Amino acid sequence: DIKSRERLYDCLSDKNGHVRRIAARVLKRNPEAKRRLRMILENDISGSRRAHNTFSWGHITEILADDPDAHPIFLKMSYSNDNNVVATVVPALANYPAARARLREILADDTAVWNERASAVEALTGDPESHSTIVSFLKNDEADEGLRAAAISASQHPTRAPDV
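Residues numbered from 1 in each chain as written. Predicted model: local features only at pLDDT ≥ 70, side-chain atom pairs only at ≥ 80, totals over all residues. Heavy atoms only, no water.

Chemist: What is the right way to read the overall build of the protein from this model?
Modeler: Secondary structure summary: the protein contains ten helices and zero strands in total. Starting at the N terminus and walking to the C terminus, you meet the elements of the protein as α-α-α-α-α-α-α-α-α-α. Across the 164 residues that make up the protein, the buried fraction comes to 41%. Considering only contacts in the protein between residues 6 or more positions apart, those separated by 24 or more positions represent 51%. (Helix = DSSP H or I, 4+ residues; strand = E, 2+ residues; numbered from the N terminus. Buried < 20%, exposed > 50% of the residue type's maximum accessible area, 1.4 Å probe, protein only. Contact = heavy atoms within 4.5 Å.)

Right, here's the structure in full:
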């Protein structure tokens, strides 16, 4: 019923993260819920509201990963100073061509935190321009273990794997 759905929509902005996650899961395929989740992200990145932690962003990102209207928001978030936010949103940019340059930038940045670069490996698996960089992580014993693990995982994807 409409009243129940409105209550669920309101739960998307609840102070309790558990309530937000359950509401988002229940409303996962609902276009109005997706619109509201995009608004929550927009508000968070504009600084007008910091009610959501990275875990909540991760849950929202997972729900909106295939939503083309969310991709520009995720791209903005990929410039965050919070490496956990960057690592959370980068995989959702895998199918967003306008984000390729940013993903490659993160991948190539030796000063980036490993989880950001590992997320970029995940997003760029199968990208011909990133192939040699991803393979170099496999061959570099000095590379961060998490980054190497991401490269190993990328090599396991039969449809997207870089040739080693």
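The discussion continues.
Chemist: Just checking my understanding: could you explain the side chain of N30 for this structure?
Modeler: Take N30: it is sitting in the loop between α2 (17–26) and α3 (31–46). There is a polar contact of 2.9 Å between the side chain of N30 and the backbone nitrogen of A33. With near-sequence residues (within four places) excluded, N30 lies in contact with R5 and Y9. (Polar contact = N/O pair within 3.5 Å; in protein donor to acceptor, adjacent residues only side chain to side chain.)

Chemist: Any chance you could explain the packing of helix α7 (residues 100–108) against helix α8 (residues 114–124) here in plain terms?
Modeler: Two numbers describe a pair of packed helices, the interaxial angle and the distance between the axes. One can describe the packing of α7 onto α8 by two numbers: an axis separation of 8 Å at closest approach and a directional angle of 135 degrees. Looking at the two axes, α7 sits oblique to α8. The hand of the α7/α8 crossing is left-handed. In contact with R100, L103, R104, I106, L107 and A108 of α7, α8 contributes E116, R117, A120, V121, A123 and L124. Per-class residue counts for the contact of α7 with α8 are eight nonpolar, no polar and four charged. (Axes fitted to C-alpha atoms, helices over the stretch in contact; angles between N-to-C directions. Parallel < 35°, antiparallel > 145°, perpendicular 65-115°, else oblique. Left-handed = near helix turned anticlockwise from the far one by under 90°. Nonpolar A, V, L, I, M, F, W, Y, C, P; charged D, E, K, R; others polar.)

Chemist: Even after reading the chapter, I still don't get the side chain of S130, so can you show me in this structure?
Modeler: Mapping S130 onto the fold places it in the loop between α8 and α9 (131–139). There is a polar contact of 2.5 Å between the side chain of S130 and the side chain of D127. Excluding residues within four positions of it along the chain, S130 makes contact with R104, L107 and L124.

Chemist: What's the story with helix α10 (residues 145–156) in this structure? I'm lost.
Modeler: One turn of an α-helix holds 3.6 residues; hence residues three or four places apart share an orientation. The terminal C-alpha atoms of α10 lie 17 Å apart, and with twelve residues this matches the ideal 16 Å at 1.5 Å per residue to within 8%. For α10, the full list of buried residues reads G146, L147, A150, A151 and A154. Viewed end-on, α10 has its buried residues packed into an arc of 140 degrees, placing them on one side of the element. In α10, those exposed residues whose orientation departs by more than 90 degrees from the buried face are E145 and Q156. In this fold, the buried residues of α10 make contact with α8 and α9. Structurally, the start of α10 carries an N-cap: the backbone nitrogen of G146 is 2.7 Å from a side-chain oxygen of D144. (Expected span 1.5 Å × (residues − 1). Arc of directions from axis to C-beta.)

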